[in-house]
Structures are given as structure tokens and as C-alpha cells.
Amino acid sequence: RNKWEALEDRESVGWKVSILVVTDGQAGSWTRFTSPDGETIQIRQPAFPRACPSRNANHTGEVFAASLARTLLENHWNSSTGVVAHDLMKYAMLRATVAAALALDDTKLGFPVESLIDAALAKGIVEPIDLEHTQE
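Residues numbered from 1 in each chain as written. Predicted model: local features only at pLDDT ≥ 70, side-chain atom pairs only at ≥ 80, totals over all residues. Heavy atoms only, no water.

Trainee: Explain the sheet that holds strand 2 (residues 29–34) here, please?
Mentor: Backbone-to-backbone hydrogen bonds join strands into a sheet, with any given pair of strands oriented parallel or antiparallel. Spatially, the three strands line up as an open sheet ordered 1-2-3, and their pairing is antiparallel. The strands lining the two open edges of the sheet, one partner per strand, are strand 1 (19–23) and strand 3 (40–45). Strand-to-strand twist across the sheet, computed as the mean angle between neighbouring axes with direction ignored, equals 10°. Bridge count between strand 2 and strand 3: six bridges; the pairing is antiparallel. Note on strand 3: the bridge partner recorded for T31 is I43. Strands strand 1, strand 2 and strand 3 of the sheet are contacted by helix 4 (residues 86–103), whose axis makes an angle of about 30° with strand 3. (Pairing = 2+ DSSP bridges. Helix = DSSP H or I, 4+ residues; strand = E, 2+ residues; numbered from the N terminus. Axes fitted to C-alpha atoms, helices over the stretch in contact; angles between N-to-C directions. Contact = heavy atoms within 4.5 Å.)

Trainee: How should the packing of helix 3 (residues 60–74) against helix 4 be read in this particular structure?
Mentor: Geometry of a packed helix pair, given as the angle between the helix axes and the separation of the axes. Running from amino to carboxyl end, helix 3 crosses helix 4 at an angle of 145°, the nearest separation of the two axes being 8 Å. Crossing of helix 3 against helix 4: the hand is right-handed. Listed contacts from helix 4 to T60, V63, F64, S67, L68, T71 and L72 of helix 3 are L88, M89, Y91, A92, M93, R95, A96, T97, A99, A100 and A103. In terms of residue class, the contact of helix 3 with helix 4 is built from 13 nonpolar, four polar and one charged. (Left-handed = near helix turned anticlockwise from the far one by under 90°. Nonpolar A, V, L, I, M, F, W, Y, C, P; charged D, E, K, R; others polar.)

In short, the description is geometric, and any link to function would need to be established separately.
Here is the structure:
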């Protein structure tokens, strides 16, 4: 968020991309995108609950972005159109938020496997884990 707010021309930059996502640490994230019917939509996603304080905040933005893109692409999002369905974006934002919450325990700078994301979603919270042996 700080980098986004530091951009003097952020609004003009923001309207030049089809999907704009801004992460804000413990406050979560938000996205602005265009739906298939041409509507501009904004979604706010709170940070995913954690059972303990984070061990390492490095690379969580990269994990978030990679998980978001992966979820969109695995669900047949056509990146050449620049639009995305509302439900798909909500789902991708949630998975990306969980992945970032999991990455806060990772001291090896890896990416959480899908099964860990699914387990955290099912529990509704990220519990302490050892990511060293659970990397993809």
C-alpha cells in the first residue's frame, strides 16, 4: 500500500491495467477490475486469520501475486481480454490471501502447496506449520 500511495499519478496508472491489486499487510488487500459486462468492480479482502504471529514477512507479496495469477489461470481466466468474473476474482483473492498468510511462517522463501491452502481454508485459520517439507 505504501508504494501505491507514493505514486503521484497512481489513479492514471491504475486505470491503465485490467486488474489492480494493492496489498496492505494486516489490513488485507483490495482489487479493482473489469467484469465481463464492462462494470468496474472493487473488492476488499481482509487478511486471513492466523493462530500465531508471523515469523517472516519477506516475499508475501510475491506469494500473493503468484497465487492470485495461478488461481485465475487454473480457472480458465483469459488474460488477453483483461476482464474477470466477480466470483472468480473473489475466489482468487481469498486463495491469494491464504497463501500469503501461510508464507508468513516460511523462513525458506518458498510457496505454499495447494493442499496447505485448502487445509487453511477448511479450518478458517492458519496454524503453525513447517513449510520446509511442504514446498511444491
